[in-house]
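# Analysis of the macromolecular model
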Amino acid sequence: MGAMGVGFVDCHCHLSAPDFDSDLDDVLEKAKKANVMALVVVAEQSGEFEKIMQLSERIWM
């Protein structure tokens, strides 16, 4: 069995909210540095679905 990274999963966040439009890259970088391995972005309104899909396509390394 190969080595697996140990980290956190944020199982409920609202990164698609307009509050994060100006600093999303910074927020994601801070999450990486805090060893967050995955984010589950939830919507408050159906209009956020496209934005969430775009977020899911970003590379998380």
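This text follows the structure it describes.
What comes next concerns the included structure. Note that the structure is a prediction, hence the values are computed from the model and not measured.

## Re the pattern of salt bridges
- According to the stated counting rule, one finds 3 salt bridges in the structure shown.
- The partner of D25 in a salt bridge is R58, with the nearest N and O atoms 2.5 Å apart. Of this pair, D25 sits in helix α1 (residues 24-33) while R58 sits in the segment after α2 (49-56); the two residues are 33 residues apart in sequence, bridging distant segments of the chain.
- Note on D25: relative accessible area 53%, which makes it exposed.
- D26 is the salt-bridge partner of K30, the closest N and O atoms lying 3.4 Å from each other. A residue pair is termed a helical-turn pair when its members lie 3 or 4 positions apart in one helix, as K30 and D26 do in helix α1 at 4 residues.

## Considerations on unusual backbone geometry
- The backbone phi angle of N35 is positive, close to 70 degrees, even though this residue is not glycine.
- Looking at the element boundaries, N35 is found in the loop between α1 and β2 (36-41).

Criteria and thresholds
Residues numbered from 1 in each chain as written. Predicted model: local features only at pLDDT ≥ 70, side-chain atom pairs only at ≥ 80, totals over all residues. Heavy atoms only, no water. Salt bridge = Lys/Arg side-chain N within 4 Å of Asp/Glu carboxyl O. Helix = DSSP H or I, 4+ residues; strand = E, 2+ residues; numbered from the N terminus. Buried < 20%, exposed > 50% of the residue type's maximum accessible area, 1.4 Å probe, protein only.

Bear in mind that shape data such as this cannot, by itself, settle questions of function.
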